[in-house]
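A structural walkthrough
Listed here are the chains, written in short residue letters.
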Amino acid sequence: MNTSNRIEGKTPPSHWLDIVETFAVVSTIGGAIVAAVSQQIAMAAIPLSLTATLNLANRRRQMVTLIETQRLEISHLIEYSNNTIQTSLSETQNTSQNLQSQIDHLLEQDTQSLQTLEMLTLRTTKLGDEIDSLNQLQDQNQSTLTSLSEIQQSTVTQGGELSSQLTDVESAISLLQSSTSDLSHQVEAQQHNSQSLASQTDNVEELVEILREIDAISQTISAQPNVAESFYQRGLVRKRLERIDDQQIAIDDFSRAIQLEPTHPGAYFERGLLRAELSQKQGARDDLNTAAKLFFETGQLDQYEKARDLSQTQHDLIATPSISNESSEQILVENLFR
């Protein structure tokens, strides 16, 4: 009980030995005074002996109480330390579990990073292979360009040969004067195209094929200069070249075909289209009108409708705003069948 009171901070009640000891000390002092007064020393010795005995017994009791108190305090301290250690241990275990979870998460992330790195390495390898393939393709393209350059030189040589042949034909056959003149223009155009062939690398194969077709048809024309269909076919091939000079030469071929065959509807139609592209609205409208008429007469109704619509479009472009649609249609029909 004393220990509990001390731990709780309360003053413990006095023990009976403390009270008796105190009383014995007072008796000793009183006995000493009485002995001094009565001069009897024996009366002072009795209370002193009793006081010493009580003091010894009281010291032993206090020592035991102190030891018990210290033992209890140590027990409480040990219990408190155990509780504290247990709490710290629990917190440490929780912290350890959290750290383990974080370590597992980091290991998982590390595994994912390794997988990503392997994937990136594989993609890098594939990219390197693709770059090598592109380099090989570039080398092949360079070889192709070299071959095309040789073809270009061959085309120039052929153009020179054609020019020589044309000179011989002009001196030998007077009936072919107009045809040979057209052929000279074609040869000059081929030479000009050959000079610009190197800058047209994207469409060089198609360009060479077109030039070959033009050369083949020109040779046919040299052999048979009065066939309208040959000029018409050469005009179609020449039309595939997008330069304005080539378009004008194609118009000349279509004009020559019309000159040889005035009822050739295709020649009128193609010449009208080219004139429309070159903003020659009046000529385009006239050619398309004639083409529509000839298509109608030959029963080619689809081509007739197409030529008629295109002719109407050109007519609308050159007509004055005061002319109504009904009047325009009437004028178109009149021009078509006049």
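What counts and how
Residues numbered from 1 in each chain as written. Predicted model: local features only at pLDDT ≥ 70, side-chain atom pairs only at ≥ 80, totals over all residues. Heavy atoms only, no water. Helix = DSSP H or I, 4+ residues; strand = E, 2+ residues; numbered from the N terminus. Contact = heavy atoms within 4.5 Å. Areas by Shrake-Rupley, 256 points an atom, 1.4 Å probe, with all protein chains shown as cover. Core = buried A, V, L, I, M, F, W, Y, C linked by side-chain atoms within 4.5 Å. Buried < 20%, exposed > 50% of the residue type's maximum accessible area, 1.4 Å probe, protein only. Phe/Tyr/Trp six-rings, centres within 6.5 Å; stacked < 30°, edge-to-face > 60°. Axes fitted to C-alpha atoms, helices over the stretch in contact; angles between N-to-C directions. Parallel < 35°, antiparallel > 145°, perpendicular 65-115°, else oblique. Left-handed = near helix turned anticlockwise from the far one by under 90°. Nonpolar A, V, L, I, M, F, W, Y, C, P; charged D, E, K, R; others polar. Expected span 1.5 Å × (residues − 1). Patch = residues over 30% accessible without salt bridge, like charges linked within 9 Å, V, L, I, M, F, W, Y side chains within 5 Å. Salt bridge = Lys/Arg side-chain N within 4 Å of Asp/Glu carboxyl O. pLDDT = per-residue confidence, 0-100.

Looking at the overall build of the protein
Check the secondary structure of the protein and you find eleven helices and zero strands. Counting from the amino terminus, helix and strand elements in the protein follow one another as α-α-α-α-α-α-α-α-α-α-α. The long-range share in the protein, meaning contacts at least 24 apart out of those at least 6 apart in sequence, stands at 59%. Total accessible area on the protein is roughly 22,300 Å²; 55% of this is exposed by carbon and sulfur atoms.

A short note on the nonpolar core
Core analysis: the biggest nonpolar cluster contains 27 residues, and A257, F269, A291, F295 and A307 have the highest contact counts within it. A per-element tally of this core places helix α5 (residues 204-223) first, with six residues. When near neighbours in sequence (up to four residues on either side) are disregarded, A257 contacts A228, F231, Y232 and A267.

Topic: the packing of aromatic side chains
Taken as a whole and judged by the stated rule, the model has three aromatic pairs. Both rings, one in Y232 and one in F254, keep their centres 5.8 Å apart while their planes meet at 50°; by these two values the pair is tilted. Of the two residues, Y232 is situated in helix α6 (residues 228-239) and F254 in helix α7 (residues 244-260); the sequence distance between them amounts to 22 residues. An identical accessibility class is assigned to Y232 and F254; each is buried. When the centroid spacing of 5.1 Å and the interplanar angle of 55° are considered together, the rings of F296 and Y304 count as tilted.

Let's talk about the packing of helix α8 (residues 265-277) against helix α9 (residues 281-297)
Between α8 and α9, whose axes approach to 8 Å, the crossing angle comes to 155°. Comparing their axes, α9 and α8 come out roughly antiparallel. Viewed along their axes, α8 and α9 form a crossing whose handedness is left-handed. Residue-level inspection shows P265, G266, Y268, F269, R271, G272, L273, R275 and A276 of α8 in contact with α9, the latter providing G283, A284, D287, L288, T290, A291, L294 and F295. Looking at the contact of α8 with α9, its residues break down into ten nonpolar, four polar and three charged.

A word on the packing of α6 against α8
Here α6 crosses α8 at 25°, and the two axes come no closer than 10 Å. The pairing of α6 with α8 is recorded here as roughly parallel in orientation. α8 is crossed by α6, and the crossing has left-handed handedness. Contacts between α6 and α8 involve Y232, L236 and K239 from the former and G266, A267, E270, L273 and L274 from the latter. Grouping the constituent residues of the contact of α6 with α8 by class yields five nonpolar, one polar and two charged.

A short note on α8
A rise of 1.5 Å per residue sets the reference length of α8, with its 13 residues, at 18 Å; its end C-alpha atoms lie 19 Å apart and thus fit the reference within 8%. Burial runs high along α8: ten of the 13 residues are buried. Positive backbone phi, at 65°, marks S279, one or two positions downstream of α8.

Remarks on unusual backbone geometry
Unlike most non-glycine residues, S279 shows phi in positive territory, near 65°. The class for S279 is exposed, based on a relative accessible area of 53%.

Side note on a nonpolar patch on the surface
Where nonpolar side chains cluster on the molecular surface, the patch consists of V25, I29, I33 and V37 and spans about 380 Å² of accessible area. Tracing the backbone shows V25 in helix α2 (residues 16-38).

Details of the pattern of salt bridges
On inspection of all chains with the given rule, the structure shows eleven salt bridges. Among the salt bridges present, the one from D246 reaches R238, with a minimum N-O distance of 3.0 Å. Just as D246 is buried, R238 falls in that class too. Note that R243 and D245 form a salt bridge whose closest N and O atoms lie 3.7 Å from each other. Residue D245 is classed as partly exposed on the basis of its relative accessible area, which comes to 48%. What emerges from the salt-bridge pattern is a single network uniting R238, R243, D245 and D246.

Some remarks on the confidence of the model for the protein
Residues of the protein with pLDDT of at least 70 account for 73%, and the chain-wide mean is 77. Here residues 321-326 is a poorly scored stretch, pLDDT under 50, and it has one contact once near neighbours within four places are set aside; other chains count.

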